[in-house]
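# Breakdown of the fold
Chain residues, written in single-letter form:
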Amino acid sequence: YECYYDHTLHPTKSSLTWSLDYDKYSDFDDVQGHWHVKSLSPSRTRVFYAADLKLRGAVPGPIMNFLSKVALKESTTWVKKQSEKAFEKGGQAESFMAPQA
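Summary of the structure given here. (Residues numbered from 1 in each chain as written. Predicted model: local features only at pLDDT ≥ 70, side-chain atom pairs only at ≥ 80, totals over all residues. Heavy atoms only, no water.)

## Some thoughts on the overall build of the protein chain
- Along its length, the protein chain carries 1 helix and 4 strands.
- Listed N to C, the secondary structure of the protein chain is β-β-β-β-α in terms of helices and strands.
- In the protein chain, 32% of the contacts between residues at least 6 apart in sequence involve partners at least 24 apart.
- Here the protein chain displays about 8,100 Å² of accessible surface, and carbon together with sulfur accounts for 54% of that area. (Helix = DSSP H or I, 4+ residues; strand = E, 2+ residues; numbered from the N terminus. Contact = heavy atoms within 4.5 Å. Areas by Shrake-Rupley, 256 points an atom, 1.4 Å probe, with all protein chains shown as cover.)

Below, the structure is given as structure tokens:
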């Protein structure tokens, strides 16, 4: 699938939202999503992810369920890998929420 997004960073809320770039053609009819980062301690962070997807035309339920599961896994696997790698090195992962100097 090909699609184009507009991203909006909300640093004071530790979140990032996105939606389709409606000026460009995408294979999806609509997509909206949200990442939220919550620090639990110096070594623990919880990441929340949500996304809504609307495909063009009717899609059978089993196919939509499969797409949802695959998309969720692919969309979040990299976060776990990168955060664990940074933790093993004794540092923090670069964060899109980091304050700008």
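## Re the packing of aromatic side chains
- Per the stated rule, a full pass over the model turns up 3 aromatic pairs.
- Ring centres of W35 and Y49 lie 4.7 Å apart, and the angle between their planes is 55°; on these two criteria the pair is classed as tilted. A residue pair is termed long-range when its members are at least 10 positions apart, and W35 in strand 3 (residues 28–41) and Y49 in strand 4 (residues 44–55) qualify at 14 residues.
- Ring plane angle 70° and centroid distance 5.9 Å describe the contact between W35 and W78, whose orientation is recorded as edge-to-face. Here the residue W35 occupies a position in strand 3, and W78 occupies one in helix 1 (residues 61–88), the gap between them amounting to 43 residues.
- A relative accessible area of 11% means that W35 is categorised as buried.
- Following the ring pairs from residue to residue traces out a cluster consisting of W18, W35, Y49 and W78. (Phe/Tyr/Trp six-rings, centres within 6.5 Å; stacked < 30°, edge-to-face > 60°. Buried < 20%, exposed > 50% of the residue type's maximum accessible area, 1.4 Å probe, protein only.)

## Focus on the sheet that holds strand 4
- Strand order in this open sheet of 4 strands is 1-2-3-4, and the pairing throughout is antiparallel. Only two strands of the sheet have a single partner each, and these edge strands are strand 1 (5–10) and strand 4. Sheet twist, expressed as the mean angle between neighbouring strand axes with direction ignored, is 10°.
- For strand 2 (residues 15–20) and strand 3, the ladder comprises 5 bridges, and the chain directions are antiparallel. Looking across to strand 3, one finds that S19 is bridged to Q32.
- Of the strands in this sheet, strand 3 and strand 4 are in contact with helix 1, which crosses strand 4 at around 145°. (Pairing = 2+ DSSP bridges. Axes fitted to C-alpha atoms, helices over the stretch in contact; angles between N-to-C directions.)

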